[in-house]
Amino acid sequence: QVQLVESGGGLVQAGGSLRLSCAASGRTFSSYSMGWFRQAPGKEREFVAGISRRGGSTYYVDSVKGRFTISRDNAKNTVYLQMNSLKPEDTAVYYCAGRGGSSSHYPQHEYDYWGQGTQVTVSS
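Values in this document were obtained by computation on a predicted structure and should not be read as measured data. (Residues numbered from 1 in each chain as written. Predicted model: local features only at pLDDT ≥ 70, side-chain atom pairs only at ≥ 80, totals over all residues. Heavy atoms only, no water.)

Caption draft 1: View of the sheet that holds strand β8 (residues 78-83). Spatial ordering of the open sheet is given by β1-β3-β8-β7, a layout of 4 strands whose pairing is antiparallel. Strands with a single pairing partner mark the edges of an open sheet, and in this sheet they are β1 (4-7) and β7 (68-73). Shown here is a sheet whose adjacent strand axes are inclined to one another by a mean of 15°, direction ignored. Across 6 bridges, the pairing between strand β3 (residues 18-24) and β8 is antiparallel. Among the inter-strand pairings, Ser-21 is bridged to a residue of β8, identified as Tyr-80. (Pairing = 2+ DSSP bridges. Helix = DSSP H or I, 4+ residues; strand = E, 2+ residues; numbered from the N terminus. Axes fitted to C-alpha atoms, helices over the stretch in contact; angles between N-to-C directions.)

Caption draft 2: Region of the structure containing the environment of Arg-45. Among the secondary structure elements, Arg-45 is positioned in the loop between β4 (32-39) and β5 (46-51). A residue is classified by how much of its surface remains accessible, and Arg-45, at 31% relative accessible area, is partly exposed. A C-alpha to C-alpha distance of 9.0 Å links Arg-45 and Val-93, two positions 48 residues apart in sequence. Contacts of Arg-45, omitting those with residues within four sequence positions, involve Phe-37, Arg-38, Gln-39, Tyr-95, Gln-108 and Trp-114. (Buried < 20%, exposed > 50% of the residue type's maximum accessible area, 1.4 Å probe, protein only. Contact = heavy atoms within 4.5 Å.)

Written as structure tokens, this is what we have:
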């Protein structure tokens, strides 16, 4: 039911910031828990951050806590990932994903909708 399109990726120097956006189609966006995932070269895709359907609850993987902030604007059908103090190890393709539900995060395989990804490269 939902189509997702990520944007905002690019090349940034270590210590810099970047803001990713994920635009969703459909009238039921506010019914979906949304998350950001990433896949670095040679590694498995991993969960990065999640947010509940109305934005009241968030969850982050330990490696990005204090540096990344996930947020959403249901009126704009958009979820964001503000990334600060970027490190070379943050380099990856970042994906936006959605799942019907009220929690901030779920196991990867339970997410039903995925974007095509946007490349984030952090130089040292």
